[in-house]
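Structure assessment
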Amino acid sequence: MGFLHGPLLWLGMAGAIPVLIHLFNRQRYKRVRWAAMEWLLAALKKTRRRMQIENLILLLIRIAVLVLLAMALARPFFQSAIASQLGESNTHAVIVLDVSYSMDFRGADKGTPLEKARQIAQSILTDLKTTENDRFSLILLTDSPNAAIGEPSSRVDMGREIVGGATVTDQGTSIPRTMELVKDALDKSNNFVKKVFIITDNQRHGWMVAEKDRPRVAELFKQVTDMTSPNGGGIYLYDVGGNVVDNIAVVGLEMGATQKVVSTDNSCEFLATIRNYGAMQMSDVVLNVFVDGSKQTSYTLTVPAHDVLRQVFYFTFREPGPHAVTVEIEPDALSHDNKRSLAVDVREALKVLMVNGEKGSTMQTDEVAALKMALNPSQDSTDKRWVFNITEVLENGFAREDVRKFDLVVLANVETVSPEEIAALEEYVKAGGGVLIFLGDKVEAYTWNQVVWRGGDGLIPCELDKPAGYPKNDDAMKFTGVDYAHPALSYFQTSKPMLGRLLVSQYFAVKPFEARPDARVIASLGVPGADPAPLLIERRMGRGRAILCTTAPDFEWGLMPKVPGFLVLFDQICQYLASPPQRFRNITVGDQLEYTLKATEFAKTFSIVTPRQNRSSISPVKAGEHAYHLMFSGTTEAGLYGLERDAQPGETQATLLTWYAVNVDPEEGFVEKMTPPELRTMYPQFRFTYVEQGTGSQPEKIAVKAPASNIWKYLVGIILGLLVLETCLAQMFGAKR
C-alpha cells in the first residue's frame with residue numbers, strides 16, 4: 001500500500017483523543033459510607049461488566065473514525081492488480097512530440113525518427129483512461145514550440161488527429177524553451193499523478209543554451225522534475241534517433257568579406273560554406289548556383305570528414321533591384337539543410353547626401369572636396385565603376401532635404417543642427433540608414449551636446465569637449481587601437497601599413513565614456529604623453545548605424561587626404577554605412593520580417609508571398625513622425641519570401657520591393673546525440689527515465705495508468721457507516737441504563 005499524501009497520516013494520532021478525554025475526565029470520588037448507597041452499589045455491580053463492554057465498543061468506533069479519516073485524507077492506494085481495480089486512473093500525461101527538421105533524417109531502413117515518434121505518442125494516447133480521470137496535453141517541440149493542446153484534455157480523438165497529421169517543420173530544436181510550455185501545462189493540471197513524455201531524436205544541439213542562461217534553465221528543469229516526482233509520476237525521455245550522424249549541409253551563404261555593396265555591372269563575390277558532419281570524406285558533391293531561380297553554374301567538390309569547405313563564386317548583376325542567390329547540393333539523408341539562399345539588394349548607385357559645413361573654392365579649403373574625390377574619383381555620376389551618387393548641400397539647405405531618399409547622410413564640420421533635423425536623422429538611422437559625422441573647427445560643442453548627444457541618448461554616444469592636437473599642423477598623430485575585425489575596417493587587416501601612413505594633426509576631444517553594446521570605439525589616435533584619443537566611434541540605433549569621426553576630412557586638420565589610404569578608408573566606411581543591413585533580409589525560420597518604407601514606397605496595403613506562393617496581406621504601422629514599418633511573423637518554412645506593394649491606381653501588377661531569404665538553422669543538421677550521462681551532468685537535478693527507441697526498433701511501452709488512488713471514497717463510506725452505528729449504539733446503550 002502507498003499513500004498519495006503520506007504526511008497526512010500523522011493526523012491518525014487524533015485517534016488518541018477519545019482515550020485522552022476519557023482519562024482526563026475520570027472523576028476521583030471521596031469515599032463516604034452511607035447506608036442507602038450500599039443498596040445502589042450492589043445494583044451497580046450487576047451491570048458494570050455490561051457497561052464496560054458497551055463503553056469500549058463506543059470508544060473503539062470513535063478511534064476508528066478518526067484514524068480512517070486521516071487515512072482517507074492521505075489517499076491510500078494499492079499497486080497490486082486486484083487492489084487497483086478498486087480505484088480510478090488519475091494521470092495527466094504531457095506528450096512532447098519533436099517535429100524539428102532533424103526528425104526527417106532517413107536511416108538505412110528509410111524510416112524517420114518522426115514516424116517512430118508518432119507510433120509512441122499514439123500508444124500513450126491509447127493507454128489513457130479518459131472515461132475516468134486521465135487527461136493529457138500535447139506540445140510540438142521546435143525552437144519555437146507550440147502547445148497544440150495546452151489545457152488538460154480528454155479528447156483523445158483530437159490528440160490522435162494532431163499526432164497522425166504531424167509533419168516535420170523547417171525549425172530547429174530547443175528543449176529548454178519547450179519545457180516552459182511543459183511547466184505551464186503541469187500548472188494547469190489537477191491530477192494526482194503527472195507524467196511527461198519527451199519523444200525526440202535527443203539531438204545535442206537541442207539541449208544546449210548560452211552559459212548565462214544555464215542557471216535559469218537548470219531551475220526550470222528542477223521545477224518540472226519536482227512537479228512530476230510525487231505519486232509515481234516522472235519524466236520519460238524517448239530517444240527515437242538513430243546512431244548514424246552522417247550528414248552534409250550548406251551552412252552558410254554570404255557576400256565576400258570586403259563586398260559591402262552590390263552594384264550593377266560590377267562583379268560581386270559570394271562565399272558558400274559546406275559542412276560534412278560525418279566521419280567519412282564526401283566526394284563528388286555537386287554544388288549548384290542559382291540566381292533569381294535560374295541555374296548559373298555548378299561545382300564538384302570533395303568535403304573532408306568532420307570539416308568545412310568554402311567555395312567562392314562570382315556573379316555580375318545587370319539590373320538593379322531585389323535579387324536572390326541560392327546554392328544547393330544534391331539530396332541526402334537529411335535534405336532540409338541542403339539549400340541556402342541570400343537576398344541581395346542590387347544598387348545602380350548609392351545615393352549620398354553630403355552637408356558641407358565649410359564651402360571653399362579649392363580642394364584645400366573646401367570641407368568635402370577630398371571626400372567627394374575619395375567616393376567618386378571620376379566625379380562622373382554615370383561612371384559605373386564607382387557606386388556613390390553624391391548630392392551636396394550647404395548647412396542652410398539641409399532642412400529642405402528628405403533624408404529618406406538617401407542611403408547615406410554625411411555631416412562635415414556642421415556648426416549646429418536643429419532638434420527637428422536630428423529627430424529626422426534618428427528616425428532615418430533606426431529605419432536602417434547610415435550617417436557619417438565629421439567634426440571640425442566650425443562645430444559648436446555646447447549645441448551639439450544639447451541636441452545630438454543628449455546625455456548619451458542621441459545620435460552621438462559621447463560628449464564633445466574641445467579641439468585638441470597641433471593647430472599649426474607642425475606635428476601629427478597616427479592611428480592606434482584599430483578594430484580590424486570591424487566590417488568597416490576589415491579591408492586593412494592585410495594592409496595595415498596603409499592606415500599607418502594616415503596622419504592627423506587636430507581632432508575634437510571627447511569626454512570619457514564607457515563602451516556599451518550600441519556604442520564603441522573602432523579606432524583611436526596615438527596622442528604623445530596621453531591616453532589614445534577616440535577617432536572613429538560607432539553608434540547603433542535600431543537597424544542602422546552612425547560613425548562619428550573626431551577629425552575633419554580636409555587639409556586643415558591633417559594630411560590624411562594626401563595619401564591613397566584616405567580614399568580607401570572612407571570608401572570602405574561609406575560603403576559599410578550605406579549598404580542595407582543584409583542581416584534583416586536574411587533570417588532564420590521563425591524570425592519576423594521587417595521593412596521600413598521609403599517616402600516613394602508608401603501605400604495602404606502590401607502582400608507577403610510565401611515560398612508556396614500563398615499571399616498574406618499586411619498594412620503599414622506608424623513608427624514615428626515620418627516612419628512606417630511593415631511586419632510579418634509567419635515565417636514557418638524555409639525559402640524566399642517576397643514583399644510586394646499591391647497594384648496602385650494606374651498600375652497593372654504588384655511591385656516587388658525586396659526578397660527575404662529565410663533559412664534553416666544549420667546547427668540542427670548536426671544530429672549527434674546527447675548521452676544520458678552528459679545530460680545528468682549538465683543538469684544534476686533533472687531526473688528522467690531514458691528509453692532507447694532508435695529507428696528500426698519496436699516501441700517500448702510505459703504504462704500511463706496511475707496508482708489506484710480513489711480508495712478514499714470507500715473509506716469515507718465506512719466512516720459514515722461507523723458514525724451512524726456509533727449514534728445508534730449510544731442511544732440503545734443509553735436506553736438500557
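To keep things clear, this report deals only with the structure shown in the data block. (Residues numbered from 1 in each chain as written. Predicted model: local features only at pLDDT ≥ 70, side-chain atom pairs only at ≥ 80, totals over all residues. Heavy atoms only, no water.)

What about the sheet that holds strand β35 (residues 689-692)?
Taking strand neighbours across the sheet as the criterion, the six strands line up as β5-β4-β3-β6-β7-β35 in an open arrangement whose pairing is mixed. Looking at which strands have only one partner, the edges of the open sheet turn out to be β5 (146-153) and β35. Taking each pair of neighbouring strands and ignoring which way they run, the sheet shows an average axis angle of 15 degrees. Relative to strand β6 (residues 193-200), strand β3 (residues 91-98) is paired through seven bridges, and the arrangement is parallel. Its bridge partner lying in β6, T91 is registered against V193. Against the sheet, helix α5 (residues 175-187) touches β3, β4 (135-141), β5 and β6, its axis set at about 160 degrees to β3. Of the strands in this sheet, β6 and β7 (234-239) touch helix α7 (residues 214-228), which is tilted by about 115 degrees from β7. (Pairing = 2+ DSSP bridges. Helix = DSSP H or I, 4+ residues; strand = E, 2+ residues; numbered from the N terminus. Axes fitted to C-alpha atoms, helices over the stretch in contact; angles between N-to-C directions. Contact = heavy atoms within 4.5 Å.)

Re the nonpolar core
Ranked by internal contacts, the top residues of the largest apolar core, which has 47 residues, are L436, F479, L536, L569, F570 and I573. Looking at which element gives the most residues to this core, the answer is helix α12 (residues 564-578), with eight residues. Setting aside residues up to four positions removed in sequence, F570 forms contacts with L371, L375, L436, F438, C549 and M560. V429, L439, W453 and W557 belong to the second-largest nonpolar core, a separate cluster that totals 35 residues. (Core = buried A, V, L, I, M, F, W, Y, C linked by side-chain atoms within 4.5 Å. Buried < 20%, exposed > 50% of the residue type's maximum accessible area, 1.4 Å probe, protein only.)

Concerning the pattern of salt bridges
Counted under the stated rule, the structure contains 29 salt bridges. The shortest N-O distance in the salt bridge between D265 and R318 comes to 3.1 Å. Highlighted residues: D265 in the loop between β9 (262-263) and β10 (267-276) and R318 in the loop between β13 (307-316) and β14 (321-329), separated in sequence by 53 residues. For R318, a relative accessible area of 56% gives the class exposed. For E392, the salt bridge is made with K372, and the minimal N-O distance between the two is 2.7 Å. In this pair, E392 is assigned in strand β17 (residues 388-394) and K372 in helix α8 (residues 369-375), connecting sequence segments 20 residues apart. In the salt-bridge network here, residues are joined through shared partners; they are K359, D366, K372 and E392. (Salt bridge = Lys/Arg side-chain N within 4 Å of Asp/Glu carboxyl O.)

Things to note about the environment of M51
Residue placement: M51 occurs in helix α2 (residues 35-74). For M51, a relative accessible area of 24% gives the class partly exposed. Distance from M51 to G734, taken between C-alpha atoms, is 9.6 Å for residues 683 residues apart in sequence.

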